[in-house]
Amino acid sequence: MDSGLLLFQQSKPEGSLVEEIFKYDVRTLEQTDDMFISRSVIALSQYLVYFKSQYNITRAEVTRKERIMEGVLFGLITPEIIKEYKTKKDARASLVYTNEVLNKLQEEIDALEDELVLLDGMDKTIMELIAAFKRELTRRENELYQRKYK
């Protein structure tokens, strides 16, 4: 893979600034400096790049671990084991939960999948926040224009 494609990994905005933006008190909007709003748009945009890259790393890790799990299970599930447990699904479940290594791997997969569930859709929420800040800047610009030319 071309190293230029991985430049997004350099995006990691300052955590305290992003935290300040997420804690922003909307009741102070009229007193908020335009520069803070502009800085917020850029910081959240950088954070969104970082967020998506970390989300994708987690998804890739789940896929990698699932591949390992399926590869090991493919070698362990024999026709005799399927016959003993009646279905391939039951044989798989039994092997995963009775084998210490496979059980640990399944727990890691489950934890990563739970993390993905918690993060699912947050990218859209961050984009909406970016858009809200941009709309506020546009509103202020229009307001200034109206005052200037009326």
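Structural notes, computed from the coordinates.

Calculation notes
Residues numbered from 1 in each chain as written. Predicted model: local features only at pLDDT ≥ 70, side-chain atom pairs only at ≥ 80, totals over all residues. Heavy atoms only, no water. Axes fitted to C-alpha atoms, helices over the stretch in contact; angles between N-to-C directions. Helix = DSSP H or I, 4+ residues; strand = E, 2+ residues; numbered from the N terminus. Parallel < 35°, antiparallel > 145°, perpendicular 65-115°, else oblique. Left-handed = near helix turned anticlockwise from the far one by under 90°. Contact = heavy atoms within 4.5 Å. Nonpolar A, V, L, I, M, F, W, Y, C, P; charged D, E, K, R; others polar. Salt bridge = Lys/Arg side-chain N within 4 Å of Asp/Glu carboxyl O. Buried < 20%, exposed > 50% of the residue type's maximum accessible area, 1.4 Å probe, protein only. Patch = residues over 30% accessible without salt bridge, like charges linked within 9 Å, V, L, I, M, F, W, Y side chains within 5 Å. Areas by Shrake-Rupley, 256 points an atom, 1.4 Å probe, with all protein chains shown as cover.

**Regarding the packing of helix 2 (residues 34–76) against helix 6 (residues 122–148)**
For the pair helix 2 and helix 6, the least separation of the axes is 10 Å and the interaxial angle reads 160°. When the axis of helix 2 is compared with that of helix 6, the two are roughly antiparallel. The handedness of the crossing between helix 2 and helix 6 is left-handed. Of the residues in helix 6, those touching helix 2 at Asp 34, Ile 37, Ser 38, Ser 40, Val 41, Leu 44, Ser 45, Tyr 47, Leu 48, Phe 51 and Lys 52 are Met 122, Asp 123, Ile 126, Met 127, Leu 129, Ile 130, Phe 133, Lys 134, Glu 136, Leu 137 and Arg 140. Of the residues that constitute the contact of helix 2 with helix 6, the class distribution is 13 nonpolar, three polar and six charged.

**Remarks on the pattern of salt bridges**
All chains considered together, the criterion is met by 14 salt bridges. For Lys 65, the salt bridge goes to Glu 61, with nearest N and O atoms at 3.6 Å. Taken together, the positions of Lys 65 and Glu 61, both in helix 2 and four residues apart, correspond to about one turn of that helix. Note that Lys 104 and Glu 108 form a salt bridge whose closest N and O atoms lie 2.8 Å from each other. Linking Lys 104 with Glu 108, this pair stays in helix 5 (residues 100–119), spanning four residues, or about one helical turn. Under the relative-accessibility criterion, Glu 108 is labelled partly exposed at 26%. When salt bridges that share partners are traced, they join Glu 30, Asp 34, Glu 136, Arg 139, Arg 140, Glu 143 and Arg 147 into one network.

**Thoughts on unusual backbone geometry**
The phi dihedral of Lys 86 is positive, around 80°, even though this residue is not glycine. Looking at where Lys 86 falls in the secondary structure, it is placed in the loop between helix 3 (79–85) and helix 4 (88–98). Residue Lys 86 is classed as exposed on the basis of its relative accessible area of 69%.

**Observations regarding a nonpolar patch on the surface**
Together, Met 1, Leu 5, Leu 6, Phe 8 and Val 49 line one region of the surface with nonpolar side chains, adding up to about 500 Å² of accessible area. Mapped onto the secondary structure, Met 1 falls in the segment before helix 1 (15–22).

**Quick notes on the environment of Leu 73**
One can find Leu 73 in helix 2. Each C-alpha atom of the pair Leu 73 and Ala 93 lies 10.0 Å from the other, and the pair is 20 residues apart in sequence. Apart from the residues within four sequence positions on either side, Leu 73 is in contact with Arg 92, Leu 95, Val 96 and Leu 102.

Read these as layout, nothing more, since geometry by itself doesn't imply function.
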